Amino acid sequence: MSTGNPVLVESIRAEIKERGPQPFAWFMEQALYHPEQGYYSSGRATIGRRGDYFTNISVGPVFGELLAAQFAEIWERIGKIDNFVIVEQGAYHGEFARDVLESARWRFPEFFSALRYQIVEPFTALQDRQSETLRQYRDRVLWKKSLDKLEPFIGIHFSNELLDVMPVNLRGKLVGIDGDQFVFVESATGAPANQSMLDWIDSLSTKLRRGFVIAIDYGFSRAEFREVLQVRAKHCRLDSPFREIGQADITAHVNWTDLAERGETNGLRVAAFTDQHHFLTGIISESPGLFEKADAKTKRELQTLLHPEMLGRAFQVLALTKDVDLSERLSGFKFARNPRETLGL
């Protein structure tokens, strides 16, 4: 049954009636990113206990504190340059950026003084919320509407659960209508399932002059890949993307091998690939004293991020580099296996 934002539902239905069945990527883009009615673009998306789903950022500030340590290490590896840029995409309400900047300010003051933060955010509603969250750091945060607007930079592009919300096509399926209901219809025409992600890395690779791309998300290597579509609202999995349209999150698992290969085609190198448990454990192992006096709340946050049955194995971490010496591993990847073997490259 087709349900959700009635204005958005009618807009999608009218388009399909006029133009015929459409690729699922088009439907997903409307549901999530329609300029006024989309789940994300409208600012309707909510995470955390009272929202629709959990992510690393909603666990608490520990995630940002750990990544701040990894970012500071990258800055040192690159040569402690001035105007070191962190570009974040998919910043939601800005909590991760705030946690990174706060931790860097107190724990890595030299790094903090060299750091410039940029957020790629096309939607005004989200930028307004990010600006409010980051009001204490507005002197060192810039916003860009798209990757195309970025100046070439040296530093890090970071994303957490960005790739899984990029519109995807489903093999052999288009979205049509039967009466007033949306349905899948069979199609012999094919398009790359993850074209949005491939276009994204094409664009990003032209902007990164030197540094790292670090992407955290969930998915599979090509050998294990299967199409997994998830629809969530208020922490419940819905059985169809045609329910709660514009009011529910729609995600698709990432094909990490496709992303890594496309990155290499564009001059990036695959530095590392591992699960979140091993990534964060590596950072902690090289940050003695970081959580020595952790209170009960912080310990619970760490357990949620690290435990294999919580978020530790659900997420993977891919690092791509440009013009960086890879002879010594970053702390986050000290326990990682050979990425080329893991990804089947």
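Because the structure is predicted, anything quoted here is derived from the model rather than measured. (Residues numbered from 1 in each chain as written. Predicted model: local features only at pLDDT ≥ 70, side-chain atom pairs only at ≥ 80, totals over all residues. Heavy atoms only, no water.)

Caption draft 1: Layout of helix H11 (residues 296–306). Among the residues of H11, Thr298, Glu301, Leu302, Leu305 and Leu306 are the ones counted as buried. Down the axis, H11 shows its buried residues gathered within 120° of arc, on one side only. Opposite its buried face, H11 presents the exposed residues Lys299 and Arg300, each directed more than 90 degrees away. (Buried < 20%, exposed > 50% of the residue type's maximum accessible area, 1.4 Å probe, protein only. Helix = DSSP H or I, 4+ residues; strand = E, 2+ residues; numbered from the N terminus. Arc of directions from axis to C-beta.)

Caption draft 2: Inspection of the sheet that holds strand E1 (residues 22–23) at higher detail. In spatial order, the strands read E1-E6-E7; together these 3 strands make up an open sheet with antiparallel pairing. Lying at the two open borders of the sheet, with one neighbouring strand each, are E1 and strand E7 (181–186). Where strand E6 (residues 173–178) and E7 come together, 6 bridges link them in antiparallel fashion. Paired with leucine 174 across the strands is valine 185, a residue of E7. Strand contacts of helix H1 (residues 6–19): E1, E6 and E7, with the helix running at about 100° to E6, the strand carrying the most contacts. (Pairing = 2+ DSSP bridges. Contact = heavy atoms within 4.5 Å. Axes fitted to C-alpha atoms, helices over the stretch in contact; angles between N-to-C directions.)

Caption draft 3: Fine view of the layout of surface pockets. The computed volume of the largest pocket comes to approximately 940 Å³. Forming the walls of the largest pocket are 38 residues, and the residues nearest its centre are Tyr33, Gln89, Pro122, Leu162 and Val165. Among the elements of the structure, helix H2 (24–33), strand E2 (84–89), helix H5 (95–107), helix H8 (195–207) and strand E12 (249–252) are those that each provide at least two residues to the lining of the largest pocket. Tallying contributions element by element places H8 first for the lining of the largest pocket, with 4 residues. Looking at side-chain class alone, the lining of the largest pocket contains 19 nonpolar, 9 polar and 10 charged residues. (1 Å grid on protein atoms, 1.4 Å probe; cavity = no way out; pocket = protein on both sides within 12 Å on 5 of 7 lines; lining within 4 Å. Points joined across faces, edges and corners; volume = space filled by probe spheres on them. Nonpolar A, V, L, I, M, F, W, Y, C, P; charged D, E, K, R; others polar.)

Caption draft 4: Quick look at the pairing of strand E3 (residues 115–120). Burial analysis of E3 places 5 of its 6 residues in the buried class, the great majority of the element. With 6 bridges connecting them, E2 and E3 associate as parallel partners. Counterpart to glutamate 88 in the pairing with E3 is isoleucine 119. Two elements, E3 and strand E4 (residues 141–144), share 4 bridges in a ladder whose sense is parallel. Looking across to E4, one finds that tyrosine 117 is bridged to valine 141.

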